[in-house]
Amino acid sequence: MVASNCRIGIIGAGTTGVYLASLLAEQGFQVTLFEKAASPRTEGCGIFLIKAGMEALQQGNPQLCQRIMRAGDPVQKVEFRNLRGQTISSETVTHQENELPGMLIHRTAILSALLDFLPPGCLHCNAELTSVVQTSDGVTAHFQDGSEWEGDLLVGADGIVSKVRSFVVPGVEPCYLGDLVWRGLVADRSFCPPGNFIVYARGRGIYANFFHIGGDRTHWGFFIEVEQQEPGRLRPSNPAIPAAELAKLAADARSLIASTPPEQVVSRYSYDIDPLPHLYAGRIVLIGDAAHAKSPTRARGMCSGFEDALSLSRHLAAGADIATVLEQFQTERLPIVHEYQRTSRQQSQQIGRRQKSAA
Ligand SMILES: Cc1cc2nc3c(=O)[nH]c(=O)nc-3n(C[C@H](O)[C@H](O)[C@H](O)COP(=O)(O)OP(=O)(O)OC[C@H]3O[C@@H](n4cnc5c(N)ncnc54)[C@H](O)[C@@H]3O)c2cc1C
């Protein structure tokens, strides 16, 4: 095992970084988690956490996995409708007793559960990484407020617009996928019964989905195909949904979206990144969206971050030294995440989104 007095810094307290920090702390490493925001981002909407993501949680922390199971709904039925609201197909989703289900759940519930497994003092907020310097025997991270951290390994879990990535693979730009997306949470449990995932199949330049996430809350996503008129921006400057686009959706679905309080709606342009040629450089390694942000079509985003965290923690627990561990981690994960990225983008293009272009 890499010595437990090894100092590991993680940049980014999203779901990937927090899960890794909890696993490494449990293994006895000296872990420090840095987040640029004043507190971890608990905003966010519903998440479809597929079975593979649940398995990555179960294998790392069964107690955490149980908590996630109690906080959401197992997916039970997937229904495809046309834009007039007529059912095209409906599929019942079953799982064996010894299998974990995919879960429909609020992102906030996932992040809150993860944060509860962090040891006290591990998380440092208002800590925006600005640069990294490596030597043969250590790595130093510099932060916006002038502070610095010195350690043995730095992990970039800082999302799609990753600062850490520029020290591993310079020059990577997010690629626009052709959709402007709104997501919201609305108080309702009749339109979409618990466990149901309803998809309004793509047509006339729009697409929508709905699922219940426990309690009386329903998540919706509404996508429109547009040219990127604000290059480089993640969020549109005008967050309003164009009425003419919403009008293309069946009336009951449309009114559910329209009844959502504005503070419960987020909007953003949809991006992925090209597959990276490598995941580490020296003592810096990338995980989660920083390493392989992808189109949401296969719902692999959060799941693959949990898989990365589990894999890296296992290699650190078993490996002889950091260089060997990072090589083993990359050998295991690179082909898997490349396949996720390739197929997610391919599916995204097949179902109608435009060809990618640089942001
Ligand atoms: C709207 C939406 C819906 C989605 N739905 C699903 C779904 O249903 N199922 C699914 O599996 N996936 C889904 N995804 C994808 C999934 O949410 C992401 O893949 C996952 O959240 C990535 O987690 P992460 O921790 O790697 O990155 P992030 O969640 O982006 O976290 C990165 C963190 O790093 C911090 N940070 C950034 N830069 C710095 C810096 N310089 N210094 C310090 N901190 C920094 C950020 O503030 C942030 O807290 C969705 C994504 C979006 C946008």
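Residues numbered from 1 in each chain as written. Predicted model: local features only at pLDDT ≥ 70, side-chain atom pairs only at ≥ 80, totals over all residues.

(A) Quick peek at the site of the ligand. Gly12, Gly14, Gly159, Gly288 and Gly301 are the nearest of the 31 residues found near the ligand. Contributions of two or more residues to the shell around the ligand are made by α1 (15-26), β3 (46-49) and α8 (301-318). The element contributing the most residues to the shell around the ligand is α8, with four residues. Grouping the amino acids of the shell around the ligand by side-chain chemistry returns 14 nonpolar, nine polar and eight charged. (Near = placed C-beta within 6 Å. Helix = DSSP H or I, 4+ residues; strand = E, 2+ residues; numbered from the N terminus. Nonpolar A, V, L, I, M, F, W, Y, C, P; charged D, E, K, R; others polar.)

(B) The arrangement of the sheet that holds strand β7 (residues 103-106) in detail. Read from one edge of the open sheet, three strands run β3-β7-β4, paired in antiparallel fashion. Unpaired on one side and paired on the other, β3 and β4 (73-74) mark the two borders of the sheet. Sheet topology note: the β4/β7 ladder contains two bridges and is antiparallel. Paired with Asp73 across the strands is Leu104, a residue of β7. (Pairing = 2+ DSSP bridges.)

(C) Structural detail: the sheet that holds strand β1 (residues 7-11). Judged by pairing direction, the sheet is mixed, and its six strands sit side by side in the order β8-β2-β1-β12-β19-β18 without closing on themselves. Of all strands in the sheet, those bounded by a partner on one side alone are β8 (123-124) and β18 (280-281). Contacts between α1 and the sheet are confined to β1, β2 (30-34) and β12 (153-156), with β2 contributing the most and set at about 165 degrees to the helix. (Contact = placed C-beta atoms within 7 Å. Axes fitted to C-alpha atoms, helices over the stretch in contact; angles between N-to-C directions.)

(D) A look at the environment of Leu118. Structurally, the position occupied by Leu118 is in the loop between α4 (107-115) and β8. Its 18 C-beta neighbours within 10 Å are what place Leu118 among the partly exposed residues. It is 9.7 Å that separates the C-alpha atoms of Leu118 and Leu20, two residues lying 98 residues apart in sequence. Leaving out residues up to four positions away in the same chain, Leu118 has contacts with Val18, Ala21, Ser22, Ala25 and Leu123. (Buried ≥ 20, exposed ≤ 12 C-beta atoms within 10 Å, placed from the backbone.)

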